[in-house]
Amino acid sequence: MIASLVLTDLFRSAKRFAVGLPMLVLVAPVVDLVMGAEVASGMVPAFFTLLAWDHLQQTALTEDKEQTWEFLRVLPLSPVTIVTVRFLSNGAAILMYALVGTLTAISIPLVRQAVSPGDWPIFIAFTVAVSLLMMAWFNARYYRAGYRGVMTNGAVTYVILLVVGVAVLMARTPVIPVIRAVTTAYHWAQAQPAPALTAIVASTLVLVVLSWGYSVTVFSRKEFH
Amino acid sequence: MATADDILVLDGVTRRFGGFLLDGISFRLRPGSVMGLLGPNGAGKTTTIKLILNLLHLDAGSISVFGLDSRRDELAIKRKLGYLGERAILPPQGDALWLGRFLAVCFPEWDDRRYRHYLKRFGVPTAKPAGTLSKGTRTKLALAAAMGHRPGLLLMDEPTTGLDPLVRHEVVEAIREVAGDGRRAVLFSTHIVSDLEAAADAVTILDQGQVIASEAKDRLLGRWPGLSLEEVFRRLVKTSSIEEESSS
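Note that this is a predicted model, so its numbers are computed, not measured.

Glancing now at the overall build of chain B. If you tally the helices and strands in chain B, you get nine helices and ten strands. Taken over C-alpha atoms, the radius of gyration comes to 18 Å for chain B, in line with the 18 Å a tight globule of 248 residues would show. Each principal axis of the C-alpha atoms in chain B carries an extent, and together these give about 55 × 40 × 35 Å. Relative to its full complement of 248 residues, chain B shows a buried share of 53%. Partitioning the intrachain contacts of chain B with sequence separation of at least 6 by distance along the chain shows that 67% fall at a separation of at least 24. For chain B, the exposed area adds up to about 10,800 Å²; of that, 49% sits on carbon and sulfur atoms. For chain B, the centre of its 33 positive side-chain charges and the centre of its 31 negative side-chain charges are spaced 5 Å apart.

The following block contains the structure:
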């Protein structure tokens, strides 16, 4: 039943995919032509993450407008099933964007050459992990506070990050250790791809499962006045 | 006194939120019965139905449906339950056929032929998205969807509010038909007494979160000779309000 419901949910997002996937396919060659392969190789994951965020947001907005939660809760579907379907469906959408984005990037020779072959798995795993962690955060907030809550929360988080980011950039000195730490981590990951991949996948899965458990708990307690 | 055959038993159901208290309400529904839940606005009708559906949680008391506990056996109950709310909540992009396919995944005993029969009988277009249908047609679609798995209990919250007389008649006919085989039952809330008079054989009257009457419609009318159900309802609610004021 869960597989059927996931497929139904994905089919309902068909229009969104029909717009997002071609954009993802077009962005790499366009950026490659305009700004060069180095930038294009970085733009594909950034654009892919943006599409994943848009997908999460649009799905939640549609559910909110259509009162989907109340509709589903009068059917013989448990909160576990409803939340699991949302996580699997969002996860599948993210993987689909990742697959198309990666294939697009790889299919453009200059972009392919901009990333050394050994770095591709880390590159892809990192991009997918960022999107899945975004989903974990988004869904946990969404099931706790609903669409309006998650968007208000998202806006507040964005403003805080922006203010902190600007403050850090203006101070300059604290940026250096942060950049140094990220660079060290990335170099470590490049040098040892297997443990790095394992760490990325394991930590992402743990956080997604924690988010799923939290979402099930808060959704089970939810009332519909 | 509740029996093992009762389809629905509410026992001391209590729920408080804000300034409202649903205060220990109890009633039961037998197979083959159509019960109207009558009460003025804010009496607790919708709250009662949402508690049965587990959309709201109980503070105290118990609800048993088909002999099963409404909280512990929620899914088993909902597989045999049909629901139609005042606002027919349906996915607006999906048409009637899409809805049928979706509900077939959710209900193991979904009967697509039966669903299509109701769609045809109610004149619901099968290829138009639910969001583009009129309120009356959406209600009829929701009713067909609620009856497609032959529910043992049909719960309806103000199903006829805002509908034209023709659609209301069709809904009332369908209500009577469900309980007609003597094995199933219907509980519907309303403040339109004429619909209740036409469809129900039992009445539970709520006022300010309390049950002020719950019995067979004929027996209730028999206690007030010469009065219509609407007049009985008004007198009972007035008496209840006066008692409430004097006790406070």
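More follows now that the structure is in view.
Right, let's get into the interface of chain A and chain B. If you look at the interface, chain A gives 23 residues, while chain B gives 26 residues. Surface buried jointly by chain A and chain B totals about 2,300 Å² across both partners, of which 63% is contributed by carbon and sulfur atoms. Summed over the three residues of chain A that lose the most area to chain B, namely A:F71, A:V74 and A:P76, the buried surface amounts to 27% of that side. Our enumeration of links across chain A and chain B arrives at three salt bridges.

Another point: a nonpolar patch on the surface. Residues and elements named next belong to chain A. Nonpolar side chains collect at one region of the surface, where L26, V30, L33, V34, M35, V39 and M43 lie side by side and expose about 700 Å² of accessible area between them. For the nonpolar patch, the elements supplying multiple residues, two or more each, are α2 (14-35) and α3 (37-65). At five residues, the largest contribution of residues to the nonpolar patch is made by α2. When you line up the elements, M35 lands in helix α2. Under the relative-accessibility criterion, M35 is labelled exposed at 53%.

All names here are of chain B. Its location among the elements puts D69 in strand β5 (residues 68-69). Buried within the structure, D69 lacks any salt-bridge partner; its nearest side chain of opposite charge belongs to R71, at an N-O separation of 4.3 Å. Of note is the side chain of D69, whose polar atom sits 2.9 Å from the backbone nitrogen of R72.

Moving on, we come to the domain arrangement of chain B. Residue and element names in this part refer to chain B. Here chain B is described as being made up of domain 1 (1-80 + 152-232) and domain 2 (85-150). Spacing between the C-alpha centres of domain 1 and domain 2 amounts to 23 Å. Facing the 20 residues of domain 1 at the interface are 17 residues of domain 2. Of the roughly 1,500 Å² buried at the junction of domain 1 and domain 2 (both faces included), carbon and sulfur atoms supply 58%. It is R79, E170 and R184 that lose the most area in domain 1 upon contact with domain 2, and together they represent 27% of the buried surface on that side. For the pair domain 1 and domain 2, the interface holds two salt bridges.

Below, the discussion takes up the sheet that holds strand β2 (residues 20-29) of chain B. The strand order across the open sheet built from four strands is β2-β1-β4-β5 (chain B), with neighbouring strands paired in antiparallel fashion. With one partner strand each, in any of the chains shown, β2 and β5 of chain B form the two edges of the open sheet.

Residues and elements named next belong to chain B. In this model, chain B carries a mean pLDDT of 89, and residues with pLDDT of at least 70 account for 95%. The secondary structure element of chain B with the lowest average pLDDT is helix α9 (residues 229-247), at 78, and the one with the highest is strand β4 (residues 60-65), at 96. In the predicted complex, the global pTM is 0.86; the interface-specific ipTM is 0.88.

As a further point, take the pattern of salt bridges. A side chain with one charge may pair with a side chain of the opposite charge, provided their charged atoms come close. Applying the stated criterion across every chain yields a total of 21 salt bridges over all chains. Between B:K78 and B:E74 there is a salt bridge; the shortest N-O distance is 2.6 Å. Of this pair, B:K78 and B:E74 both sit in helix α2 (residues 74-78), separated by four residues, roughly a single helical turn. Taking relative accessible area as the criterion, B:K78 reaches 2% and is therefore assigned buried. Taken together, the shared-partner salt bridges in this structure form one network comprising A:D9, A:E63 and A:R86.

Moving on, we get to the pairing of strand β9 (residues 202-207) of chain B. All names here are of chain B. Among the six residues that make up β9, six are buried, leaving the element largely enclosed by the rest of the structure. Burial along β9 is two-sided: the face carrying A202, T204 and L206 and the face carrying V203, I205 and D207 are both buried. Bridge analysis of strand β3 (residues 34-38) against β9 gives four bridges, and the strand direction is parallel. Looking across to β9, one finds that L37 is bridged to T204. Here six bridges tie β9 to strand β10 (residues 210-216), and the two strands are oriented antiparallel to one another. Looking across to β10, one finds that V203 is bridged to E215. Taking the residues that link successive antiparallel strands as the turn, the β9-β10 hairpin has two residues, and the phi of Q208 there is positive, at about 50°.

This part is about the environment of B:L75. One can find B:L75 in helix α2. On the accessibility criterion, B:L75 (26% relative accessible area) is partly exposed. With 104 residues separating them along the chain, B:L75 and B:A179 place their C-alpha atoms 22 Å apart. Look past the residues within four positions of B:L75 in its chain and what remains in contact with it is A:P76, A:L77 and A:S78.

A few words on the pairing of β3(B). Residues and elements named next belong to chain B. When you tally the buried positions in β3, you get five out of five residues, the bulk of the element. Where burial is concerned, the two faces of β3 agree: the one with V34, G36 and L38 and the one with M35 and L37 are both buried. Across five bridges, the pairing between β3 and strand β8 (residues 185-190) is parallel. For G36, the partnering residue across the bridge sits in β8 and is F188.

Criteria and thresholds
- Residues numbered from 1 in each chain as written.
- Chains lettered and ligands numbered in written order.
- Predicted model: local features only at pLDDT ≥ 70, side-chain atom pairs only at ≥ 80, totals over all residues.
- Heavy atoms only, no water.
- Helix = DSSP H or I, 4+ residues; strand = E, 2+ residues; numbered from the N terminus.
- Rg over C-alpha atoms; globule rule 2.2 N^0.38 Å.
- Buried < 20%, exposed > 50% of the residue type's maximum accessible area, 1.4 Å probe, protein only.
- Contact = heavy atoms within 4.5 Å.
- Areas by Shrake-Rupley, 256 points an atom, 1.4 Å probe, with all protein chains shown as cover.
- Lys, Arg positive; Asp, Glu negative; His and termini not counted.
- Charge placed at Lys NZ, Arg CZ, Asp CG, Glu CD.
- Buried area = accessible area lost by both parts, 1.4 Å probe.
- Salt bridge = Lys/Arg side-chain N within 4 Å of Asp/Glu carboxyl O.
- Patch = residues over 30% accessible without salt bridge, like charges linked within 9 Å, V, L, I, M, F, W, Y side chains within 5 Å.
- Polar contact = N/O pair within 3.5 Å; in protein donor to acceptor, adjacent residues only side chain to side chain.
- Domains from an automatic or database assignment.
- Pairing = 2+ DSSP bridges.
- pLDDT = per-residue confidence, 0-100.

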